[in-house]
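Chain residues, written in single-letter form:
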Amino acid sequence: MDLRYFSSKHKLGILGGGQLGKMMLYNTRKFDINTSVMDPNNEAPSRLACNHFVQGDLMDFETVFNFGKKVDTLTIEIENVNVEALKALEKEGVKVYPDSNTLATIQNKAEQKRFYIKHQLPTAAFKAYNNKSTLEKAVLENVQSLPFVWKSARFGYDGNGVKIIRKHSDLDQLPNGECIAEDLIPFKNELAVIVARNPKGEIKSYPVVEMEFHPEANQVEYVLCPARIPESVAKKATDVALKTAAAFQHVGLLAVEMFLTQNDNILINEVAPRPHNSGHQTIEASQTSQFEQHLRAILNLPLGSTKNKACGVMVNLVGAEGHQGAVVYKNIEAIMALEGVTPHIYGKKMTRPFRKMGHVTIVNSSIEKARKIAQKVKESINVISE
């Protein structure tokens, strides 16, 4: 096999130019891989790191198709892209990873849940509704019992499109549209496993991570690797992730988010077919970062080692409440003075409450020490506006 990706004319296209694309581009620069990026925002974080940047609507068929025609391999850093354009590009011979079928299933949470049931993958019980009125009717007629977790079937991200419905009046604030009502699981922990697979069928999984969420924003605040769980539970979570990856037969990365129930059972929450927030610590803490691994997978290269070099904790840097405007990272020098601390600033010029603006990785030989330093980081740095 003649792999002409490095210092060559082979062009890798990335749909989406946010922070995930920017961190992927760290590695295309390292390997001198020619890249084109498309994003609707002319000031996207990826703009300065790629060879070619195109401003365009990721949901517009013609725009995505025309962009894809000019590259050899096409990947994503965000799920909300025009799947019909991807299907057309596949017919034209462009290598698209993840493929259009995988993406179509994952884009719609109702379809995603049906996929788990079809493939006998463990997940919380749910009902799907075409719109808000059918959901309201089901609640009124006691067909849908309270409480439950409402999830928009499409276009949810970072906790948006997810709400816990405890009483009938909670329905008032919901938008109209297709949705699912999922059983509220009294879980004791949220876990994630990232699985990498290349077209040859080589598969590797990263160690299980545990995630701590912000109670209001429903966003990940901390990611800890390795997860502080018994080995038997870690094996169960890894087995579920590998079984899920096998069902999708995906190429690239698949991040599998899971609930650990009170009885130590594993239930799949949702998946993402791309680099993921639960893998950011791999840049400093793993032998192969998730971003490099994604590139290795989609280019059909040998997958790198997923072993940890050290324990790692990731802290998300999000916009402080009450601040909107030009961003200032207050006390960043203080956290950089702490041992094992590396900040990653995404390059978004404007902050707003809970917007992801960066992350900080803490590496240490002890996961408990890393977690304590992470707490200090969280308490010290403040993402505010001028």
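Here, the structure is the one placed above.
Notes on the structure follow.

What counts and what doesn't
Residues numbered from 1 in each chain as written. Predicted model: local features only at pLDDT ≥ 70, side-chain atom pairs only at ≥ 80, totals over all residues. Heavy atoms only, no water. Pairing = 2+ DSSP bridges. Helix = DSSP H or I, 4+ residues; strand = E, 2+ residues; numbered from the N terminus. Contact = heavy atoms within 4.5 Å. Phe/Tyr/Trp six-rings, centres within 6.5 Å; stacked < 30°, edge-to-face > 60°. Buried < 20%, exposed > 50% of the residue type's maximum accessible area, 1.4 Å probe, protein only. Lys NZ or Arg CZ within 6 Å of the ring centre and 35° of its normal. 1 Å grid on protein atoms, 1.4 Å probe; cavity = no way out; pocket = protein on both sides within 12 Å on 5 of 7 lines; lining within 4 Å. Points joined across faces, edges and corners; volume = space filled by probe spheres on them. Nonpolar A, V, L, I, M, F, W, Y, C, P; charged D, E, K, R; others polar. Salt bridge = Lys/Arg side-chain N within 4 Å of Asp/Glu carboxyl O. Axes fitted to C-alpha atoms, helices over the stretch in contact; angles between N-to-C directions. Parallel < 35°, antiparallel > 145°, perpendicular 65-115°, else oblique. Left-handed = near helix turned anticlockwise from the far one by under 90°.

**Quick word on the sheet that holds strand β2 (residues 34–39)**
Judged by pairing direction, the sheet is parallel, and its five strands sit side by side in the order β3-β2-β1-β4-β5 without closing on themselves. The open sheet has two edge strands, β3 (52–55) and β5 (95–96), and neither has a second partner. As paired strands, strand β1 (residues 11–15) and strand β4 (residues 73–76) are joined by four bridges and run parallel to one another. Bridge pairing links Leu15 to Ile76 in β4.

**Comments concerning the environment of Pro302**
On the secondary structure map, Pro302 appears in the loop between α9 (290–298) and β16 (311–318). If near-sequence neighbours (up to four positions away) are discounted, Pro302 is found in contact with Lys200, Glu202 and Arg296.

**Some points on the packing of aromatic side chains**
In the structure shown here, the tally under the stated rule is five aromatic pairs. Seen in terms of ring centroids, Phe115 and Phe248 are 4.0 Å apart; in terms of plane orientation they differ by 15°. Their pairing is stacked. Of the two residues, Phe115 is situated in helix α5 (residues 109–118) and Phe248 in helix α7 (residues 231–248); the sequence distance between them amounts to 133 residues. Taken as a pair, Phe115 and Phe248 share a single burial class, namely buried. The rings of Phe115, Tyr116 and Phe248 are connected pair by pair, giving a single aromatic cluster. The aromatic ring of Tyr222 is capped on one face by Arg371, whose charged end is 3.9 Å from the ring centroid.

**Digging into the environment of Asp57**
Its place among the elements puts Asp57 in the loop between β3 and α2 (61–68). The class of Asp57 is partly exposed, set by a relative accessible area of 42%. Sequence separation between Asp57 and Gly13 is 44 residues, and the spatial gap between their C-alpha atoms is 15 Å. The residues touching Asp57, leaving out its near neighbours within four places in the chain, are Met38, Thr63 and Val64.

**Thoughts on empty space enclosed by the protein**
All told, the structure shown has three cavities of 30 Å³ or more when counted by the stated rule. By volume, the largest cavity is sized at about 50 Å³. Every residue lining the largest cavity is listed: Ala192, Val193, Ile194, Tyr206, Pro207, Val209, Cys225, Ser278, Gly279, Gln281 and Thr282. The element best represented in the lining of the largest cavity is strand β10 (residues 189–197), accounting for three residues. Of the residues belonging to the lining of the largest cavity, the class tally is seven nonpolar, four polar and no charged.

**Focus on the sheet that holds strand β17 (residues 325–330)**
The three strands lie next to each other as β19-β17-β21, forming an open sheet whose pairing is antiparallel. Every other strand in the sheet has two partners, leaving β19 (350–351) and β21 (382–385) as the edge strands with one partner each.

**Digging into the pattern of salt bridges**
Scanning the entire structure with this criterion turns up 18 salt bridges. Here Glu292 and Arg296 are joined by a salt bridge, their closest N and O atoms 2.8 Å apart. Residue Glu292 and its partner Arg296 are located together in helix α9, separated by four residues, close to a single helical turn. Judged by its relative accessible area of 8%, Glu292 is buried. Through salt bridges that share partners, Glu210, Glu212, Arg228, Glu368 and Arg371 make up one connected network.

**Things to note about the pairing of strand β7 (residues 148–152)**
Within β7, five of the five residues are buried, leaving the element largely enclosed by the surrounding structure. Residues Phe148, Trp150 and Ser152 point to one face of β7 and Val149 and Lys151 to the other, with burial holding for every one of them. Sheet topology note: the β7/strand β8 (residues 162–165) ladder contains four bridges and is antiparallel. Considered in β8, the bridge of Lys151 is made with Val162.

**A closer look at the pairing of strand β12 (residues 209–213)**
Looking at chain direction, β10 and β12 are connected through three bridges and run antiparallel. Bridged to Glu190 within β12 is Met211. In terms of strand pairing, β12 meets strand β13 (residues 220–225) through four bridges, oriented antiparallel. When the sheet's bridge partners are listed, Glu212 is paired in β13 with Tyr222.

**A few points about the packing of helix α4 (residues 100–107) against α5**
Where α4 contacts α5, the two axes come as close as 5 Å, and the packing angle between them is 105°. Taken together, the axes of α4 and α5 are roughly perpendicular relative to one another. Along its contact with α4, which presents Thr105, Ile106 and Gln107, the element α5 presents Lys109, Glu111, Gln112 and Phe115. Counted by class, the contact of α4 with α5 contains two nonpolar, three polar and two charged residues.

**Points about the packing of α2 against helix α3 (residues 83–91)**
Put simply, α2 and α3 touch, their axes get as near as 8 Å, and they point 35° apart. Note that α2 runs across α3; the crossing there is right-handed. For the pair α2 and α3, contact is made by Phe61, Val64, Phe65 and Gly68 and by Glu84, Ala85, Leu86, Ala88 and Leu89, respectively. For the contact of α2 with α3, a count of residues per class yields seven nonpolar, one polar and one charged.

The values are spatial; any link to function lies outside them.
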